[in-house]
Structure formats: C-alpha cells, structure tokens
Amino acid sequence: MVSICFLNQKGGAGKSSCVFHLGGYFASIGLRTLLVDADPQGSLSQGFFGSSTIENLSTGETLAALFADDSFYVTTNTLITPTAFEKISVIRANQTLAAHNVPEPEKGGLTQYCVREFMAGISEYDIVLFDCPPNLYQCSWNALISADYVAIPVPPEDFGTQGLRVVHQAIDNARTLNPRLTLLGHVVTRVDQRLLVHRTRPAL
C-alpha cells in the first residue's frame, strides 16, 4: 500500500481536486483506492456524499474519531465508507475535526501518531491519498507522519508560491518521525492559458 499526502498551507491550491481526480484515475486502472479527508472543511467528503450528509455526521463517523478520547474503539468499518464509485472508499471529515487541528503539532505527544496507528491496521487498499487543510497544524502533521510521499499542489502565480519554504521545512521536520517520507515534487494546478502570468511565469 502506497500513501501520498497532498499539502500546501495556501487555500485554493488544488489539494482536494488533485485527490478527487487522482482517486478516480487510480480506481479506473484497477487500484483499490482509499481517500482520507484530513481537512475540517470536508470539501473532498462533500464531493462524494453531498454537503447535507457530511455536515450531519457525528464525530465517530469521521476522521475526528481518531483524535477523540474514545479512539480505542474506532474500527475500519466505522470510519471507511464506500462511495458510489467502484474501488473508491473515503474516510470522511467535517467540522468536528476542527477542534483537533491545533498549531504546534510537534508538542502533541502521542496525538501525532493517531492516524498512522490506524493506517497501520489497513492492508486492503493499493493506494491512499491524503487531502490536507490549508495550514500546517495537527491534521496535516498527522498526514505527513503517516504517508510515504508528499506532493505540493501549486498554482502558477506569485501568490500561489508564497509560503512554500515553510511547507518544505515542515516536510523536513516530519522526516524526524517518518524517515521514509519522500517529496514527489510540485503539482502545477489551476492553469489558465488565457492569463498572461500563467503563460509566462514558472510556478517555482
């Protein structure tokens, strides 16, 4: 099982879209695909199940269950939800995750490992894609600690590349706890050939 984390502290960079569409691609070529929504906004989850359904999920039905005090009782059956698409399942998220997405995640003790410990008990998937929130708090940190690889979606414009140095630093810091973490590179997203800045400026 290979896992890839999509990370950027800038909102609107295309993280959820990358996970959504790559998940569809991997499933279309026959890979058993698990998508992990680690963003309290729950955009990826809403893309599969609709806003009303996701907003009304309890903590125990979302990724937030792994951070809760009774996480010992969480099972793959309660968290992993099949979608209408063959070979795609999702660990969903909504606003209940926000309370756990705290800054300075390195000070979180064992909380840093709760997603990794859960993922260690999963073997029925070929690939796992993590969708991270637009910050470098506890949810993104947990994804970095869990993943084999990390990719950084970046729009090809000045504002889109701001803060990348901090993202790279977070990846380097995560390697102290997850030595296998490898940076795949930067994924150029949201390209619009009608815009001069997109045609003339590289993303990095």
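Up top is the structure.
Overview of the structure. Note that the structure is predicted; figures quoted are calculated from it, not measured.

**So, the overall build of the chain**
Assigned secondary structure in the chain consists of 9 helices and 7 strands. Counting across all 204 residues of the chain, residues that qualify as buried make up 48%. The long-range fraction of contacts in the chain, counting pairs at least 24 apart against all pairs at least 6 apart in sequence, stands at 79%. Carbon and sulfur atoms make up 53% of the accessible area of the chain, which amounts to about 9800 Å² in all.

**Quick word on the sheet that holds strand β4 (residues 88-91)**
Here we have 7 strands laid out as an open sheet, ordered β3-β4-β2-β5-β1-β6-β7, and mixed in their pairing. Only two strands of the sheet have a single partner each, and these edge strands are β3 (80-82) and β7 (182-188). Within this sheet the neighbouring strands show an average axis-to-axis angle of 25 degrees, counted without direction. Bridging between β3 and β4 involves 3 bridges; their strand directions are antiparallel.

**Points about the pattern of salt bridges**
If the charged atoms of two oppositely charged side chains come close together, the side chains can form a pair. Summed over all chains, the structure comprises 4 salt bridges. A salt bridge links Arg180 to Asp148; its shortest N-O distance comes to 2.6 Å. Residue Arg180 is found in the loop between α8 (164-174) and β7, and its partner Asp148 is found in the loop between α6 (138-146) and β6 (149-154); the two are separated by 32 residues along the sequence. Looking at Asp148, the relative accessible area reads 15%, which means it is buried. Here Arg175 and Asp172 are joined by a salt bridge, their closest N and O atoms 2.7 Å apart. On the accessibility criterion, Asp172 (44% relative accessible area) is partly exposed.

**A look at unusual backbone geometry**
With a phi close to 75 degrees, Lys87 is a non-glycine residue in the positive phi region. Classification of Lys87 as partly exposed rests on a relative accessible area of 36%. The phi angle at Glu104 is positive, at roughly 50 degrees, despite the residue not being glycine. Looking at where Glu104 falls in the secondary structure, it is placed in the loop between β4 and α5 (114-119).

**Thoughts on the nonpolar core**
If you look at the biggest cluster of nonpolar residues, it comprises 42 residues, and the most contacted ones within it are Cys5, Leu7, Leu34, Leu63, Leu66, Phe130 and Leu144. At the level of secondary structure, the elements contributing two or more residues to this core comprise β2 (33-37), α5, β5 (127-131), α6, β6 and α8. Residues contacting Leu7, with those up to four places away along its chain left out, are Lys15, Cys132, Asn135, Leu136, Ser140, Leu144, Val150, Ala151, Ile152, Pro153, Val167 and Ile171.

**Comments concerning the pairing of β6**
A regular strand carries its side chains on alternate faces of the sheet. For β6, a buried count of 5 out of 6 residues is recorded, marking the element as mostly surrounded by other parts of the structure. Pairing geometry for strand β1 (residues 2-6) and β6, over 3 bridges, is parallel. Residue pairing for β6: Cys5 is matched across the bridge by Val150.

**A short note on the packing of aromatic side chains**
Applying the stated rule across the entire model yields 4 aromatic pairs. Measuring from centroid to centroid gives 6.4 Å for Phe48 and Phe49, while their planes differ by 50 degrees, and the two rings are tilted. Residue classification places Phe48 among the buried residues on the basis of a relative accessible area of 15%. Looking at Phe49, the relative accessible area reads 21%, which means it is partly exposed. An aromatic cluster of three or more residues is present, and its members are Phe20, Phe48, Phe49 and Phe85.

**Considerations on α6**
Among the 9 residues of α6, 9 are classified as buried, and the element is accordingly described as predominantly covered. Among the structural elements, β1, α5, β5, β6 and α8 are those in contact with the buried residues of α6.

**Some words on the packing of α6 against α8**
Where α6 contacts α8, the axes come no closer than 9 Å and their chain directions differ by 50 degrees. Regarding the angle of α6 to α8, the classification is oblique. Our pair here, α6 against α8, has a crossing hand that is right-handed. Note on element contacts: α8 touches α6 through Ala170, Ile171, Asn173 and Ala174, opposite Trp141, Leu144 and Ile145. Split by residue class, the contact of α6 with α8 holds 6 nonpolar, 1 polar and no charged.

Definitions and cut-offs
Residues numbered from 1 in each chain as written. Predicted model: local features only at pLDDT ≥ 70, side-chain atom pairs only at ≥ 80, totals over all residues. Heavy atoms only, no water. Helix = DSSP H or I, 4+ residues; strand = E, 2+ residues; numbered from the N terminus. Buried < 20%, exposed > 50% of the residue type's maximum accessible area, 1.4 Å probe, protein only. Contact = heavy atoms within 4.5 Å. Areas by Shrake-Rupley, 256 points an atom, 1.4 Å probe, with all protein chains shown as cover. Pairing = 2+ DSSP bridges. Axes fitted to C-alpha atoms, helices over the stretch in contact; angles between N-to-C directions. Salt bridge = Lys/Arg side-chain N within 4 Å of Asp/Glu carboxyl O. Core = buried A, V, L, I, M, F, W, Y, C linked by side-chain atoms within 4.5 Å. Phe/Tyr/Trp six-rings, centres within 6.5 Å; stacked < 30°, edge-to-face > 60°. Parallel < 35°, antiparallel > 145°, perpendicular 65-115°, else oblique. Left-handed = near helix turned anticlockwise from the far one by under 90°. Nonpolar A, V, L, I, M, F, W, Y, C, P; charged D, E, K, R; others polar.

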